[in-house]
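Reading the structure
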Amino acid sequence: MSLSEDFLYKAAQWCLVAMVFLLPVWFLPTTAAPVEFNKMLLVSVLSFLSFILFLAHSIKSGSVSLPYHRIFIIAGALLLAWLASALVSGSKSGLWGAGAEANAFFTTLTFFLASAMIMILFPDARSLSRLMTALALGFAVFLAMVWIFSIFGLGQSLGGLFAARAFNTVGSWNSVGVAAGFFAVMLYPFLLAASGGMRWVVAALLLASLLLVLTVNFQLVWIILVFFAVLLLAHAIWRKNISLLGVGLPLGLLLISLFAILFTTFIATNTAFPAPLEISVSHGTTLEVAGKGLRENLILGAGPGSFGYLWDKYRPAEVNNTPFWGLRFVAGSSYILSALGEIGLPGWLLLVVFLGWLWYLGLKSLAGEEREAAEPVVFSAFLMASFTI
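1. Let's talk about the packing of helix α6 (residues 125–151) against helix α7 (residues 173–193)
- The geometry of α6 relative to α7 is characterised by a closest axis approach of 11 Å and an angle of 135° between their N-to-C directions. In terms of orientation, α6 lies oblique with respect to α7. In terms of crossing hand, the pair formed by α6 and α7 is left-handed. Within the contact between the two elements, α6 uses Met132, Leu135, Ala136, Phe139, Ala140, Phe142, Leu143, Val146, Ser150 and Ile151 and α7 uses Trp173, Val176, Ala179, Phe182, Phe183, Met186 and Phe190.
- Residue composition of the contact of α6 with α7, by class: 16 nonpolar, 1 polar and no charged.

2. Re the packing of helix α2 (residues 36–61) against helix α5 (residues 105–121)
- The geometry of α2 relative to α5 is characterised by a closest axis approach of 9 Å and an angle of 45° between their N-to-C directions. For the element pair α2 / α5, the angle class is oblique. Every pair of crossing elements has a handedness; the one defined by α2 and α5 is left-handed. Note on element contacts: α5 touches α2 through Phe106, Thr107, Thr110, Phe111, Leu113, Ala114, Met117, Ile120 and Leu121, opposite Met40, Val43, Ser44, Ser47, Phe48, Ser50, Phe51 and Phe54.
- Each residue belonging to the contact of α2 with α5 can be placed in one class, and the counts come to 12 nonpolar, 5 polar and no charged.

3. What about the nonpolar core?
- Of all hydrophobic cores here, the largest spans 76 residues; its most connected members are Leu212 and Leu383.
- Of all the elements, α6 adds the most residues to this core, at 14 residues.
- Apart from residues no more than four positions distant in its own chain, Leu383 is found in contact with Val185, Pro189, Phe228, Leu231 and Leu232.

4. Considerations on helix α3 (residues 71–89)
- Compared with the 27 Å implied by 1.5 Å per residue over 19 residues, the 27 Å span of α3 between its first and last C-alpha is a close match.
- Positive backbone phi, at 75°, marks Gly90, one or two positions downstream of α3.

5. Observations concerning the environment of Ala134
- Relative to the elements of secondary structure, Ala134 occurs in helix α6.
- Placed 113 residues apart in sequence, Ala134 and Phe21 show a C-alpha to C-alpha distance of 4.9 Å.
- In contact with Ala134, not counting residues within four places along its chain, are Val17, Val20 and Phe21.

6. Remarks on empty space enclosed by the protein
- With the rule as written, the count across this model stands at 1 cavity of 30 Å³ or more.
- Roughly 50 Å³ of volume is contained in the largest cavity.
- Phe142, Met145, Val146, Phe149, Ser150, Phe162, Phe167, Asn168 and Thr169 together form the lining of the largest cavity.
- A breakdown of the residues in the lining of the largest cavity according to their chemical character gives 6 nonpolar, 3 polar and no charged.

Reading the values: the criteria
- Residues numbered from 1 in each chain as written.
- Predicted model: local features only at pLDDT ≥ 70, side-chain atom pairs only at ≥ 80, totals over all residues.
- Heavy atoms only, no water.
- Axes fitted to C-alpha atoms, helices over the stretch in contact; angles between N-to-C directions.
- Helix = DSSP H or I, 4+ residues; strand = E, 2+ residues; numbered from the N terminus.
- Parallel < 35°, antiparallel > 145°, perpendicular 65-115°, else oblique.
- Left-handed = near helix turned anticlockwise from the far one by under 90°.
- Contact = heavy atoms within 4.5 Å.
- Nonpolar A, V, L, I, M, F, W, Y, C, P; charged D, E, K, R; others polar.
- Core = buried A, V, L, I, M, F, W, Y, C linked by side-chain atoms within 4.5 Å.
- Buried < 20%, exposed > 50% of the residue type's maximum accessible area, 1.4 Å probe, protein only.
- Expected span 1.5 Å × (residues − 1).
- 1 Å grid on protein atoms, 1.4 Å probe; cavity = no way out; pocket = protein on both sides within 12 Å on 5 of 7 lines; lining within 4 Å.
- Points joined across faces, edges and corners; volume = space filled by probe spheres on them.

Remember, this is a structural readout, not a statement about activity or role.
The following block contains the structure:
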């Protein structure tokens, strides 16, 4: 029994739909790293499976149509720089990753492959909306799990990992705030476009996301939301959408975010949730350590995923006089800042150019989109890409 071309193409699409739906909630409790490693495994398996199915579809149909843009040259050069750094470092973890390292070459290759498959298999706003709907449903389930199991404490009755109220399916407790802020930003364009009962559903999800951000009270998320509030306000004025949702919601978000930044201690003392203490490296210290590591090898760096090694070697002396002298940080405060010392200056510059160019293309696409039905999808995709960068 032979498989039809259409079946192979749809199966490749459904792999990615399943991936984005499961990503916010996927974990395996019986493994050593229940959340991060298993999410990376999920993305890797489904991305490569989607690629294999698409390849089989192309062979069976006898033709393949691939998009092209000059940014692909930058992406290819970036992957080569990443690979060269991993090979020269001689570390298997830099090449393949020892778990869920975000900077390992294989992880970077997987993310590029997943992005390429999304671009090929979901080429227009209508098909892309299916993928975004699956992602929204996944985040909705994630929100429900956090509110029920963590905030209301009902997960303690389940035992296991949920016995700790702060356990969640995205990682650290601060990561919950980041995910909730990401979901809120993603929902805004669809709230503007929705009507009737669907608008109330989207509004409820948006409110639940913002209340979760308030509960977590991670200051970095509030700073990011200030930027997006200004961006959404500027977009509404540019589109001449002078309405309660168009202007009032971004303005309200701006005021709430500024209040949260100025009175973060007040919010923390009045939040009943027993949030765990999370310690991370500051941006300044990350840049200092990465800069010293860059001096070892300006061209290729110390190798992907080597920040822990750089921390052991170049951590500031004053850290030894604090209660955290025994902590070993394997990642810096920022993916981009950590990458500076790991992949070298040329690779880091390629990464910055790639992300900047990608953001510019998203902004250009949003400015040129005149189809009312397609604008929420394009706008939301641009906001998600901006939040991730």
